[in-house]
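# Examining the three-dimensional arrangement
Residues per chain are reported as follows:
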Number of protein chains: 2
Amino acid sequence: MSQTTQAIRNVRPLGRAEAADLLIEDERIAAVLPAGTAAPTLPTLADGQGRLMLLPALVEAHVHFDKSLWGAPWRPNSAGPTRNHRISNEQAVLKDFGMPLAERAAPLIEQCIARGSLYFRSHVDVQTVFGLAHIEEMLALRRRYAHLVDMQLVAFPQGGLLTVPGTAELMEHALDMGLEVVGGIDPAGIDRDPIRHLETVFELATRFGQRGIDIHLHDGGELGRFEIERIADMTEAHGLQGRVMISHAYALGAFAPADLHPLADRLARLGISIMSCAPGHFTVPPLALLRSRGVNVCSGSDGIRDTWSPMGNGDMLDRARLIAMRFGWSKDEQLADAFDIVSQGGAQALGIADYGLAPGCAANLLLLPAQNIAEAVVSGPLARTVISRGRVVARGGVFSADSAA
Amino acid sequence: MSQTTQAIRNVRPLGRAEAADLLIEDERIAAVLPAGTAAPTLPTLADGQGRLMLLPALVEAHVHFDKSLWGAPWRPNSAGPTRNHRISNEQAVLKDFGMPLAERAAPLIEQCIARGSLYFRSHVDVQTVFGLAHIEEMLALRRRYAHLVDMQLVAFPQGGLLTVPGTAELMEHALDMGLEVVGGIDPAGIDRDPIRHLETVFELATRFGQRGIDIHLHDGGELGRFEIERIADMTEAHGLQGRVMISHAYALGAFAPADLHPLADRLARLGISIMSCAPGHFTVPPLALLRSRGVNVCSGSDGIRDTWSPMGNGDMLDRARLIAMRFGWSKDEQLADAFDIVSQGGAQALGIADYGLAPGCAANLLLLPAQNIAEAVVSGPLARTVISRGRVVARGGVFSADSAA
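About the cut-offs
- Residues numbered from 1 in each chain as written.
- Chains lettered and ligands numbered in written order.
- Predicted model: local features only at pLDDT ≥ 70, side-chain atom pairs only at ≥ 80, totals over all residues.
- Helix = DSSP H or I, 4+ residues; strand = E, 2+ residues; numbered from the N terminus.
- Rg over C-alpha atoms; globule rule 2.2 N^0.38 Å.
- Buried ≥ 20, exposed ≤ 12 C-beta atoms within 10 Å, placed from the backbone.
- Contact = placed C-beta atoms within 7 Å.
- Nonpolar A, V, L, I, M, F, W, Y, C, P; charged D, E, K, R; others polar.
- Pairing = 2+ DSSP bridges.
- Core = buried A, V, L, I, M, F, W, Y, C linked by C-beta atoms within 7 Å.
- Domains from an automatic or database assignment.
- Expected span 1.5 Å × (residues − 1).
- Arc of directions from axis to C-beta.
- Least-squares fit on C-alpha atoms with pLDDT ≥ 70 in both.
- Axes fitted to C-alpha atoms, helices over the stretch in contact; angles between N-to-C directions.
- Parallel < 35°, antiparallel > 145°, perpendicular 65-115°, else oblique.
- Left-handed = near helix turned anticlockwise from the far one by under 90°.
- Bend = angle between axes of the 7 residues up to and from the residue.

Of regular secondary structure, chain A possesses 12 helices and 17 strands. For 405 residues, the compact-globule estimate of 2.2 N^0.38 gives 22 Å, and chain A sits close to it at 21 Å. Taken along its principal axes, the extent of the C-alpha atoms in chain A is 65 × 50 × 40 Å. Burial status across chain A gives 56% buried among its 405 residues. Contacts in chain A between residues far apart in sequence, at least 24 positions, make up 76% of those at least 6 positions apart.

This part takes up the interface of chain A and chain B. With 24 residues of chain A at the interface, the matching set in chain B holds 24 residues. Among the elements that take part in the side of chain A that touches chain B, helix α12 (residues 373-379) of chain A stands out by supplying 4 residues, more than any other. Taken together, the residues of the side of chain A that touches chain B sort by class into 10 nonpolar, 10 polar and 4 charged.

With that out of the way, let us pick up the sheet that holds strand β7 (residues 117-125) of chain A. Residues and elements named next belong to chain A. Reading across the sheet, the 8 strands line up as β6-β7-β8-β9-β10-β11-β12-β13 and stay open at both edges, with parallel pairing between neighbours. In this open sheet, the two edge strands, each paired with only one partner strand, are β6 (58-63) and β13 (297-298). Pairing between strand β12 (residues 273-275) and β13: 2 bridges, direction parallel. The partner of M275 across the bridge, within β13, is C298.

Grouped together as the largest cluster of nonpolar side chains are 126 residues, with contacts concentrated most on A:I113, A:A155, A:A320, A:L335 and A:V377. Here this core gets 8 residues from one element, more than from any other, and that element is helix α2 (residues 101-114) of chain A. In this structure, this core is formed jointly by two domains, domain 1 (6-56 + 357-399) and domain 2 (58-350) of chain A, each of which donates at least three residues. Not counting the four nearest positions on each side in its chain, A:V377 is found in contact with A:L317, A:A320, A:R321, A:A324, A:L335, A:A338 and A:F339. Counting residues in each nonpolar core, the second largest holds 122 residues, with B:L54, B:A205, B:V295 and B:M325 among its members.

All names here are of chain A. Burial of strand β1 (residues 6-13) is extensive: 8 of the 8 residues sit out of reach of the surface. Relative to strand β2 (residues 20-25), β1 runs antiparallel, the two sharing 4 bridges. Bridging from a neighbouring strand, Q6 pairs with I24 of β2. Connecting β1 to the next strand, β2, in antiparallel fashion are 6 residues, including L14 with a positive phi near 55°. In terms of strand pairing, β1 meets strand β4 (residues 44-47) through 3 bridges, oriented parallel. Bridge pairing links R9 to D47 in β4.

Let's shift gears to the domain arrangement of chain A. Residues and elements named next belong to chain A. Assigned domains of chain A: these are domain 1 (6-56 + 357-399) and domain 2 (58-350). Just the C-alpha atoms count here: the centres of domain 1 and domain 2 sit 30 Å apart. Elements with a minimum of two residues in the side of domain 1 that touches domain 2: α12, β15 (385-388), β16 (391-395) and β17 (398-399). Take the side of domain 1 that touches domain 2: its biggest share by element is 5 residues, from α12. Residue composition of the side of domain 1 that touches domain 2, by class: 12 nonpolar, 4 polar and 1 charged.

All names here are of chain B. An ideal rise of 1.5 Å per residue puts 18 Å on 13 residues; helix α1 (residues 83-95) measures up with 18 Å between its terminal C-alpha atoms. Looking at α1, one finds that the buried residues are R86, I87, E90 and L94. All buried residues of α1 lie within an arc of 100° about the axis, which places them on one face of the element. Counted as exposed and oriented over 90 degrees from the buried face of α1: H85 and K95.

A word on unusual backbone geometry. All names here are of chain B. Positive phi, normally seen in glycine, also occurs at D186, with a value near 25°. Judged by local crowding, D186 falls into the buried class, with 21 C-beta atoms found within 10 Å. The residue A249 is not glycine, and still its phi comes out positive at about 50°. Positionally, A249 belongs in the loop between β11 (244-248) and α7 (257-270). The exposure class assigned to A249 is buried, which follows from the 30 C-beta atoms found within 10 Å.

On to the relation of the copies chain A and chain B. Least-squares fitting of chain A to chain B yields an RMSD of 0.0 Å, with the transformation described by 0.0 Å of translation along the axis and a rotation of 180°. Taken together, the rotation and translation describe the operation of a two-fold axis. When C-alpha positions in chain A are compared against the rotation axis, the closest is assigned to A:G280, at 3.0 Å. Of the interface residues in chain A, 100% have counterparts in chain B that sit at the interface too, so the contact is made through matching surfaces.

Looking now at the packing of helix α6 (residues 221-237) of chain B against α7(B). Residue and element names in this part refer to chain B. The geometry of α6 relative to α7 is characterised by a closest axis approach of 10 Å and an angle of 30° between their N-to-C directions. As judged from the angle between their axes, α6 and α7 are roughly parallel. Crossing handedness for the pair α6 and α7: left-handed. Across the interface between the two elements, I228, E229, A232, T235 and E236 from α6 touch L263, R266, L267 and L270 from α7. The residue makeup of the contact of α6 with α7, split by class, is 5 nonpolar, 1 polar and 3 charged.

All right, on to helix α7 (residues 257-269) of chain A then. Residues and elements named next belong to chain A. Spanning 13 residues, α7 covers 18 Å between terminal C-alpha atoms, matching the ideal 18 Å at 1.5 Å per step. Largest kink in α7: about 30°, centred on L263. Within the sequence span of α7, burial applies to L260, A264 and L267. A positive phi of about 60° marks G271, the residue just after α7.

Structure (structure tokens):
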């Protein structure tokens, strides 16, 4: 789009003391120069005045746009206490909600953009009760924002893959239609047959050309750990190294650190990413330990103001703070780790090759007032300027781009 | 100050559907009227246009203003891993910090006000290494904001009451100088002699005329529970019902709910409040259970950007969200509970008689755009108007009053 060269002037990449100018060309970073050396004649895309730090756009690696009621009036949570209650409640509420998916979810996508996320992995319910129309609506919504954001979609059998007849076939349709990633959910806890569930998921991924896999795993303790080990087995057997994510993985929070080392090492070897939202009311994977063993860790908002919970704001910088608070991280290095989880960790999990602040990377950027990354995580200022592909798309937490190219 | 009657027009008290007008007179709510009925000739203090909800100002029931580095440049955390390391690290850092307490903490008080808190209980380190000057500085800072906020100060023996000679005497000076509340800290974990520590605290409170007591209790599990039981014993023995707070009380998070009922009932009977910040990395008291047994629960930010941790923003609406997230609360009633903890619960703990939205209450108010209390807790909008004693003192998260009367 942007054919001319533009300059981002006098910003501090990653909060470093030395300011820099960036040249932006063809939606990419063309060069990183000492501050003050970009030609004054170039159009100025943004000027940090030596005060703003420059970050790569954030990565929302686990969200459920299709479930959100963000664009609807407030709706008190009506779900029962168990995961199965929440699934059936959601089906009942969303089946005839009277507001198209796009009206519910588009304002949320714009909120996420305004908070600085430009890379997404959204799960999309693949449920016979919702059918193909639901998937088409989500694909249309993705097209509407394709000029602004990169969005992967996961075919997610929320209601069960085996227990609800017709779901596996609907998953095939979804993958044919353009959803990239094969989802799964609690092979034991929801589908009641862990091995057959995982075999179905891995068989689908292999048959559709080595697709990525992303499995929701809430099953806890020894049960969840057993399933993680089987996911590792099948990742190896199907040659899907580097393409598998386990989301939530609460089970990993139930063991003593040393007891987890061999499993963590295996996850690292197989390139299996762990996604954690670091919720306060479940055991959570020990993210620092996993990272220290080489496991890639990313994060996401999970559901945002949906029938499961009204919580969430789509702000991955706030998520980095919540992660740090969940573990009591207070050192600058730990806060930088939290930032890494919502940026580079997500980019690696999603396989984004041109992510970062180096020449050649996409000009998907975030400018904000903070002395350094640690302060950015702690304070999460709303005074953010978001640049998508060389164009300012949000300022001060307010989305300002067109919602269709 | 405000001798004339002013009107707050067309706001929704506590987010109820029916809008109201309020008359403000002599720094108090004089009347609550149906919307549109306040005389048009009255000066308008604020106009919610039927859209803004009206809340009582928030209560920050546990903060350490004197420790904060809010007004200083970012300082990486340099503390060692244990509580004792953090205490000695703080002494070393703050002893010759080169910036007066007021410069560090005044901007934080203004931040707290801008986020909607107008009632505070701040602990003040009473340590021989800091001496009387530290206490005087904090008293001067309180005087500087006395026209805007109510602030109780706790004489807090951070370094140990028994283990550091001269501390008990310094506590007496502090209480003589105007600190209202007698503090304590981990009678076993820090002071290594739980009964003698508690006897000293209760004896001081009694001798100085039935002062309030506020004890930091991080000691966990059975040890902490033992100390809570002894605090209850002494509260009863000294006739200090309704005047004692236990802060943190992590120990209460270590027991099965039913096992806690008798103790919770006893705390309720004795009017002992529990203060919890709902941290992510410790066991936390089961706040819903405590409230259901009649125990008063309040909350606070604890340390905010200090040598212990850089976390914190002084935003008690954000704290309500963190409390809800810590427990997985998602129902409107649960989110209202979280709000109650940062408002009415704090007011009760601090003994604020004229708190609320009824005629006669102090005109300490918060206006913000949200459909109801649940949404206010979830979304915590920064677009807040804060009214202190009938005067607007902050808008949009920015402090706008004079810092001295």
